[in-house]
Amino acid sequence: MTTLRTAALTAALAALVAAHAAAQDPRFERLDTGARAAVAALVDSARQSGLPAEALIDRALEGAAKQAPAPRIIAALTTLLANLRGARAALGAAATTPELEAGASAIHLGVPPSALTRLRTIRSRQPLTIALSVMADLAARGVPPDSAAAAVLALAASLRDDQFLAFRRSVERDIELGAPPAAAASSSVRLGAGVVPTSSGGPSSSIPPRRP
Amino acid sequence: MRRWRAWLPLALGLPATPALLPSQLTGAVDLTAANVHYDGFLPSFAASLSPAARWQQGLFTLDARATVLWFESGNTSSQGLVAASAFTPALGRWRGELAATAGASSYERFASYRDALSAVRIHFLAPGGGVWVGATLGLTVFGSDSRPVRAATLAAWTVRRAATFTASITATHVGDTTYADLSGLGEWTRGNVILDGALGARMWSRFAGRGVYGEASAVVALRPTLALVFAGGRYATDPTRGSVAGRYVSAGVRIVGLRPPRPERFDPGALSASFHRGAAAADPPAAPVSIEVTNAGGTCTFVVHAAATQVEIASDVSGWQPVLLAPAGADTWTVTLPVTPGLHRLNVRLDGGAWLVPGGLTPVADEFGGSVGLFVVR
C-alpha cells in the first residue's frame, strides 16, 4: 500500500514538474502532446543530475522535426540520458557539456566507456571534445568501435585538435576510396596522415595524395 | 609467411632425422630497393635493410628478423619478429608442434603495434606430403589498446620433385575484426634459382576487406654467399600486425652467412598502407545533395550543392528548426549559423521532401527510423 502511495506521489510530482517545465519552455509546443510530459520529466531528471538537458531537448526536437511517434522520442531520450550518465561516469564530474555530448555519442556507437576514461587520463589537461567527436565519427563511419577508440587513444598524446580533424578527414577519404574502415583508420594512424596541415577546416576539404 | 614457415622444417626433412642434425646457425641480410603504390597515395620508393637469422637444434627452430625501411619522404618504418617452433617426437605418422611469435612494428613517432601469438599444431605426415590443423591464441597491442587474437588453420602440403606446394584455410578473429583466408603457396628450385609464390583470397571478412592477392619472388644465387632477390605482388590486410593491403615491386641483393637460407620474401607488411580497391564495402548510395561545412569564429557556413528550388537544413545548431538557405549560384545554397565546438547532427531537405543526409557528412542511423549526418566543429 505504501509502495503504491509512493508511486502515485512520484507520478504526480513528475507530472507537475513536467507541466511546469513544459510551460516554461515554448519549444515543448513543437512536441506531440503525448510526448511532452515524459520528455519534460527526462529533461528535468537530467538537470537535477547536472547533465546537459539541452542535449535531450535537441534530440526531442529532432524527433519532432522528423515526425517520430512519441514512444520513439521517449525511447531515444531515455537512451541518450543513460549514455550521458555513462559518459560522465567515464570522464569525471568536471567534464564539459560538449565533452559529455560527444562522449555519449561515442558510447551510443559502441565505444567502451573505459576508452573515454583512458582518453581523459592521456589528455588530462586538454579539452576532449574534438578527440571524442572524432572517436564517435570514426565509429559512425564503420570503423570497429574498439579500433576507433584505439586509433584516437594512440594519437591522443601527440595530436592537436586541428590535427585530429585532419586525421578524421584522411580516414574519411580513404574509406571513400574503398578502404575497409578499420584499415583506413589504422593506415592513417600509421602514416601520420592526420598531421597533414590543411588550409580549410571543412569536412569536405580534400587532402592531396601524399607519400608515406 | 608464418604459415609457410610452419611447415618448412617438415619440408626440410627435420622430423625424419632430428637427432642427426647438429645445431646450425644461418643468417642473411637483404638490401632492397622497392616501389610501393598505395591506393589514394602517391607511389613511393623505399630502401630497406632486412637482417634475418635462424638457429636450429634438433626439433627446435628459432627465427629472428627485422626490417628497417626508409621512404623517399624521409620517413622511417621498422619492424621485428622472433618466432620459435618445437616439434614433438613422432607418434606413428603424427607429430605435434608448439610455436610462438612475438613481433613489433613502428612508424615514425606514432603508436607501435606489438603482437604475441602462440600456436598448437597437429601434423599428419604421409609420403610426399601431409596435413595439419592448428589453433592460435594471442594478443595484439596498438598503442595502449590490446585485442585478443584467435585463429584456426587447416592446411595440406606436398613435395613434388623440386617443388613444394601447400594450401590452407585460416579463420582469424582480432577483437571485433574477423576474416577467413584461403591461400596457396609454392616453391620451386632449379639450379641456382629459387622461385616461390603465393596466391590467396580473403573470402569472408568483417572490417578486414576482401579480395584476391598474390606475391612472387625469385632468388638467383650468384655465389654461395651472394644472391639477387626480386619480388612483387599484392598482399592482404593483417589486423594482427597493423598492416593493411598494398602493392610493391622490389629488387635487391642478399648477403648470406654460413649457407644460403631459404628465400626470404621482401616483407611488404612493414610498408604499411595501401588498400584493395575491390575489397571495399558496398558503395554508399549516391546522395542527391552534398554539403560543405566551414567553421570560423563561432559560426559555421553551410554550403549545399543540390538541384532544387528550395533547400532547408535542420540541425541541433538550429534547434531543429528548418532553416531556409539562400541561393548562391547555380545549384548552390548557403547559410551561416552560430555553432559551438563539438559533434553536431544535421539533415537537409530539398523542395519540402524527406530529410536527407548530404554527402560530406558522416551518415548514422538516428533513433527515429531514418538517418542523420554528423559533423565536427572545432
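Keep in mind the model is a prediction, meaning the values are calculated, not measured.

### Considerations on the overall build of chain A
1) Next: The number of helices and strands found in chain A is 10 helices and 0 strands.
2) Next: Counting helices and strands in the order they occur from the N terminus, chain A gives α-α-α-α-α-α-α-α-α-α.
3) Next: Sorting the 212 residues of chain A into buried and exposed places 58% on the buried side.
4) Next: Considering only residue pairs separated by 6 or more positions, chain A has 62% of its internal contacts joining residues 24 or more positions apart.

### Concerning unusual backbone geometry
1) Next: Residues other than glycine seldom take positive phi values, yet Gln67(A) does so here, at roughly 55°.
2) Next: In this structure Gln67(A) comes out as exposed when scored by C-beta crowding, with 9 C-beta atoms within 10 Å.
3) Next: One non-glycine residue, Asp351(B), lies in the positive phi region at around 50°.
4) Next: Relative to the helices and strands, Asp351(B) resides in the loop between β21 (342–350) and β22 (355–356).

### Description of the pairing of strand β8 (residues 145–160) of chain B
Residue and element names in this part refer to chain B.
1) Next: Pairing analysis gives 14 bridges linking strand β7 (residues 129–142) to β8, with the strands arranged antiparallel. Bridge pairing in β8 links Gly 138 to Val 149.
2) Next: With 12 bridges connecting them, β8 and strand β9 (residues 163–174) associate as antiparallel partners. Opposite Trp 157, over in β9, you have Thr 166 as the bridge partner.

### What about the sheet that holds strand β20 (residues 332–338) of chain B?
Residue and element names in this part refer to chain B.
1) Next: Ordered in space as β15-β16-β20-β19, the 4 strands form an open sheet in which the pairing is antiparallel. The outermost strands of the open sheet, each flanked by one partner alone, are β15 (289–296) and β19 (326–327).
2) Next: For β19 and β20, the ladder comprises 2 bridges, and the chain directions are antiparallel. Along β20, the bridge assignment pairs Ala 326 with Thr 334.

### Topic: the confidence of the model for chain A
1) Next: Per-residue confidence for chain A gives a mean pLDDT of 81; residues scoring 70 or more make up 76%.
2) Next: Note that residues 193–209 of chain A has pLDDT below 50 and, in this model, 45 contacts with residues that lie over four places away or in other chains.

### Here's the deal with helix α2 (residues 33–48) of chain A
1) Next: End to end, α2(A) covers 23 Å across 16 residues, agreeing with the expected 22 Å (1.5 Å per residue, within 8%).
2) Next: One or two steps after α2(A), the chain reaches Gly50(A), where phi turns positive at roughly 75°.

### Let's talk about the environment of Ser133(A)
1) Next: In this structure, Ser133(A) sits in helix α7 (residues 129–140).
2) Next: Distance from Ser133(A) to Phe164(A), taken between C-alpha atoms, is 9.6 Å for residues 31 residues apart in sequence.
3) Next: For Ser133(A), the residues in contact, after removing those within four places along its chain, are Ala102(A), Gly342(B), Leu343(B) and Val376(B).

### Describing the packing of helix α4 (residues 70–91) of chain A against helix α6 (residues 113–122) of chain A
Residue and element names in this part refer to chain A.
1) Next: The geometry of α4 relative to α6 is characterised by a closest axis approach of 8 Å and an angle of 40° between their N-to-C directions. In this view, α4 runs oblique relative to α6, as classed from their interaxial angle. Classified by chirality, the crossing of α6 by α4 is right-handed. Across the interface between the two elements, Gly 86, Ala 87, Ala 89, Ala 90 and Leu 91 of α4 pack against Pro 113, Leu 116, Thr 117 and Arg 120 of α6.

So, how was this worked out
Residues numbered from 1 in each chain as written. Chains lettered and ligands numbered in written order. Predicted model: local features only at pLDDT ≥ 70, side-chain atom pairs only at ≥ 80, totals over all residues. Helix = DSSP H or I, 4+ residues; strand = E, 2+ residues; numbered from the N terminus. Buried ≥ 20, exposed ≤ 12 C-beta atoms within 10 Å, placed from the backbone. Contact = placed C-beta atoms within 7 Å. Pairing = 2+ DSSP bridges. pLDDT = per-residue confidence, 0-100. Expected span 1.5 Å × (residues − 1). Axes fitted to C-alpha atoms, helices over the stretch in contact; angles between N-to-C directions. Parallel < 35°, antiparallel > 145°, perpendicular 65-115°, else oblique. Left-handed = near helix turned anticlockwise from the far one by under 90°.

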